[in-house]
Every structure is written in structure tokens, then in C-alpha cells.
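# Topology and contacts: notes
Now for the letters of each chain:
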Amino acid sequence: MYTLSLEGAGEGILALVNVTKRVQIEGKGWRFCEVVVAANGKIKPNVVLIDGQEQVHPEGRYYIDFLQDGQRKRLAAGSRSLHDAVDAYLLEVQAHKKPKTYSAYRTALSYFLESCHKQTLEEITRTDMLAFKTFLRHKKEQSDRSIANKFENVMSFLKQQKIIGLIGKTDWPTFTEEEVETYTQEELDKFFTACTETETVWFEFFYRTAMREQEVMHVSWSDIDFERSVVTVRENKRFGWKPKAYKGRYISIPSSLLSLLKVRKKKADASCGLVFPTTGCKPKQNFLDECKAIAERAGLNKDDFYLHKFRATRATRLLQGGMNIKSVQQMLGHNDLESTMRYLGAQRTDVLQAQIETIDAQ
């Protein structure tokens, strides 16, 4: 037995520990064996006691056993605490990533800690990762896509800890990419007919610029160049907001929307700066609620209306109208072309229906 100060056994607490080595014994598999201490009080390297006899076993690794809060604990010597590593990693993510990203990692890693009861990083195996998939599906009732996202977040954490090679290609969770949903022209017509003057500007901006919700929330009048008919997506330092992947871009504004914005600017509070502020000059955060309320007022199914669908509809129609896919990619702010190509396959149901009716009439 040894007396050591152990991190994890309690801050500033001396703990009595027993040192063992896990070795492979012929016919018995892997076993924890007592180490042999020399006359000078030091552990003999790679020597363990098996059935009372000293044997040399260079394979395996050393472990320390100790009591913590009345429970027996076993840690691999030189190992890193899983919980401590998660805490440190989340602090780093919180400092350098957006709140939404931090929240996603925090949830994924908290689920992993709930699923995996290993104490150290070095103890994590492929089995733990496969069990994590099962845990997400059956215990947390996550969708296939959510499972894939959380699994990837945990694997990113492990990679940063230099824990690699745990799983093979076939071990990764899979999911079916959902069909891109777009609005029909009839839906758009009914929706905008039900809008007030102010609401029309809000959602014409969402639709015509295909900007993300956070981008619309933080757009300022200084971002709009009325002479060049463009809006710039860029950092809003006042509110501590940055574009996705910290990547800004220019978006052309059609003349119809530009006219609406000119009228709005004349009525705007010059001291605020935001294009769509609240009364207290804060970024407007209830666009989704407003969108659903308008849909319901227009006699449409509010469950079918959400903000990203304006973006998807715009991208789909621009591509179907012949715009170069690289130009659409730049407009949307996608890092890879594959994300933009999803909209190539989307088909407007009203257009498809018209084509079917035409064929049937022949």
C-alpha cells in the first residue's frame, strides 16, 4: 500500500492506494495482479505476483486502487479523468464558439457521461461508443439525425484528447437526408396577402435575401448599400454576434425589396441602427412566432411555416431559374457545394402538379 495525494480523490486529500498491473495470463485472459516491491521500496518493473510466484509481464498497464467516499475506485496510472477533460473542453468551446454550438456540445457530452461510466479517457473503447448510440436511441429517444450529430460531437471531443481509432466507418450512425421543403406560390401569395406593411418587409427580407434568422436579427442599416443594391452579412460587434463559421458575404437585393427598405429607413429610429429592432433597440427574436401567427391568420397550416423554409424556397427557385450554383452557394454562405446541391433536387409541388395535369390532358 502507498500513500499518495490524488487528484479526484478529493482536493488536498491523502489516499491509501494499492498498485496493480493488468496483464494477460495464459488460459485466463486479462487479470489484475499485485506488483512486486523491491527491497529499496520501489516497484520492480513489469514484475507481478501470480499464484504467489513472481513473473515478468511487459504487456498491460499499471493501475491504482483507492477508496473515495466509501467506494472503491480504480484508475489507470498516468490516465486523464474523463469528467475533468469534458469540463475543460466545454470551457474552451464556450470561450471560442457560439452559444448554440456550446449548447450542442454540452448536451452531447452530458449524455455521453450519463451513458459511459468509465472514469478515464484511456478506458474508453469501441464498445462504449456503440453503447452510446443505443443509449441515445432507446433511453433519450433521439431521432437518427440527432444521434448522428451528438455522436459526431463526442468524437470531436475525443479526437481533441488524442483518442483516435476507436471506431470503424460502419460504426458511425447514419440518417436519411430529409427532402428539402419549399413553399408553393399559392402559399406565399396567401401569406403575404395576410401581412401588414411591417410584416411584409420582415418576411420579404427573409425570402428575397435567403438570410438565416440570426443574420436577419443582427442586420444593421450600415450593412445595406442602397447605391449598389447589396446587403453585407458581417459581424455585429455591438451585440457580440458573428456570422456562421465567421464568414461574411454580399447578397444582392432585388429592387422590389430595396423600395420597401427605403420606406422603412425613413421611419426608423436613427439612433438604433438595427433594421429590425425591438422597441428597446434589441435584435428582434420572435420572427418565428410572427410567421406562424400570419400563416394562421391567412387560413394556412401554421405547422408548415418556419423561417428556414423561406431560405430553402429562394435557393430552390434561383437554381431552377438558371442561376449558377456557385453564385447561389455564395449567397447562402455555404462552405461546401454539397450543401447547396441539396436544393437542386427540390421540386415545387405546384410546378409538379401543373406538369402532371398537362401530361394527363394530352
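Above this note sits the structure.
Read on for an overview of the structure. (Residues numbered from 1 in each chain as written. Predicted model: local features only at pLDDT ≥ 70, side-chain atom pairs only at ≥ 80, totals over all residues. Heavy atoms only, no water.)

## A few points about the nonpolar core
The following threshold applies: We call a set of buried residues a nonpolar core when its members are Ala, Val, Leu, Ile, Met, Phe, Trp, Tyr or Cys and they connect through side-chain atoms within 4.5 Å of each other. The classification of residues rests on relative accessible area computed with a 1.4 Å probe and restricted to protein chains. Under 20% of the type maximum is buried, over 50% is exposed, and intermediate values are partly exposed. Helix and strand labels come from DSSP, where a helix needs a run of H or I of at least four residues and a strand needs a run of E of at least two; each type is numbered from the N terminus. Contacts are assigned to residue pairs that have any heavy atoms within 4.5 Å of one another.
Core analysis: the largest hydrophobic core is formed by 47 residues, its most contacted members being Phe191, Phe203, Phe205, Leu261, Phe276 and Phe310. Only helix H5 (185-193), helix H6 (197-209), helix H7 (213-217), strand S9 (230-233), helix H8 (255-267), helix H9 (287-297), helix H10 (308-320) and helix H11 (325-332) provide two or more residues apiece to this core. With 6 residues, H6 is the largest single contributor of residues to this core. Every residue in contact with Phe276, bar those within four places of it in the chain, is listed here: Val201, Trp202, Phe205, Val216, Val219, Arg264, Lys282, Pro283, Lys284 and Phe287. Of all hydrophobic cores here, the second largest spans 29 residues; its members include Leu82, Tyr89, Met129 and Ile167.

## What about empty space enclosed by the protein?
Using the following cut-off: We place a 1 Å grid over just the protein atoms. Points where a 1.4 Å probe fits but has no way out form a cavity, open points with protein on both sides within 12 Å along at least 5 of 7 lines form a pocket, and any residue with an atom within 4 Å of a point lines it. Grid points are joined across faces, edges and corners, and a volume is the space filled by probe spheres set on the points. Charged residues are taken to be Asp, Glu, Lys and Arg, nonpolar residues to be Ala, Val, Leu, Ile, Met, Phe, Trp, Tyr, Cys and Pro, and polar residues to be all remaining types, Gly included.
Considering all chains together, one arrives at 1 cavity of 30 Å³ or more under this definition. In this structure, the largest cavity spans a volume of roughly 30 Å³. In terms of lining, the largest cavity is formed by Met211, Glu215, His218, Val219, Asp223, Thr232, Val233, Arg234 and Trp241. A per-class count over the lining of the largest cavity returns 4 nonpolar, 2 polar and 3 charged.

## Let's talk about the pairing of strand S3 (residues 29-37)
Under the convention used in this document: When DSSP finds at least two bridges between two strands, those strands are taken to pair.
In this sheet, strand S4 (residues 43-50) lies alongside S3 in antiparallel orientation, the contact comprising 3 bridges. In the sheet register, Val35 faces S4, and the bridge partner there is Val48. In this antiparallel pair of consecutive strands, S3 and S4, the connection spans 5 residues, and Gly41 shows a positive phi of 90 degrees.

## Thoughts on the state of the cysteines
This is how the line gets drawn: Any pair of cysteine sulfurs within 2.5 Å is marked as a disulfide.
Per the counting criterion, the structure on display carries 1 disulfide. Here Cys272 engages in a disulfide with Cys281; their sulfurs sit 2.0 Å apart. Classification of the bridge connecting Cys272 and Cys281 rests on its S-S torsion, roughly 95 degrees, and on that basis the disulfide is right-handed. The class of Cys281 is buried, set by a relative accessible area of 12%. Of the cysteine sulfurs around Cys195, a residue in no disulfide, the closest is that of Cys291, at 8.4 Å.

## Observations regarding the packing of aromatic side chains
Heads up, the rule is: Geometry of aromatic contacts follows a simple scheme: Phe, Tyr and Trp rings, the Trp one being its six-membered ring, pair when their centres are within 6.5 Å, and the pair is stacked under 30 degrees between planes, edge-to-face over 60, tilted otherwise.
As enumerated under the stated definition, the model contains 20 aromatic pairs in all. Centre to centre, the rings of Phe112 and Phe132 are 5.3 Å apart; their planes meet at 85 degrees, and the pair counts as edge-to-face. Within this pair, whereas Phe112 is found in helix H2 (residues 99-115), its partner Phe132 is found in helix H3 (residues 126-139), the two being separated by 20 residues in sequence. The burial state of Phe112 is the same as that of Phe132; both residues are buried. Relative to Phe287, the ring of Phe203 has its centre 6.4 Å away and its plane inclined at 80 degrees; by these criteria the two rings are edge-to-face. Highlighted residues: Phe203 in helix H6 and Phe287 in helix H9, separated in sequence by 84 residues.

## With respect to the side chain of Arg249
Short version of the rule: What qualifies as a polar contact is a pair of N or O atoms within 3.5 Å, subject to a donor-acceptor requirement within protein and to the restriction that residues adjacent in sequence count only when both atoms come from side chains.
Following the sequence through the fold, Arg249 ends up in strand S10 (residues 249-252). Look at Arg249 and you get buried, because its relative accessible area is 5%. At 2.8 Å, the side chain of Arg249 and the side chain of Glu215 are in polar contact. Of the polar contacts made by the side chain of Arg249, one reaches the backbone oxygen of Met331; its length is 2.6 Å. Not counting the four nearest positions on each side in its chain, Arg249 is found in contact with Met211, Arg212, Glu215, Val231, Thr232, Val233, Arg311, Gln330, Met331, Leu332 and Gly333.

## Notes on the pattern of salt bridges
This is how it is decided: Salt bridge, as used here: a side-chain nitrogen of Lys or Arg that lies within 4 Å of a carboxyl oxygen of Asp or Glu.
This structure, assessed with the given rule, holds 18 salt bridges. For Arg126, the salt bridge goes to Asp171, with nearest N and O atoms at 2.9 Å. Of the two residues, Arg126 is situated in helix H3 and Asp171 in the loop between helix H4 (144-160) and H5; the sequence distance between them amounts to 45 residues. By relative accessible area, Arg126 is classed as partly exposed at 41%. By relative accessible area, Asp171 is classed as buried at 7%. Taking the shortest distance from any N to any O, the salt bridge between Glu290 and Lys284 comes out at 3.1 Å.

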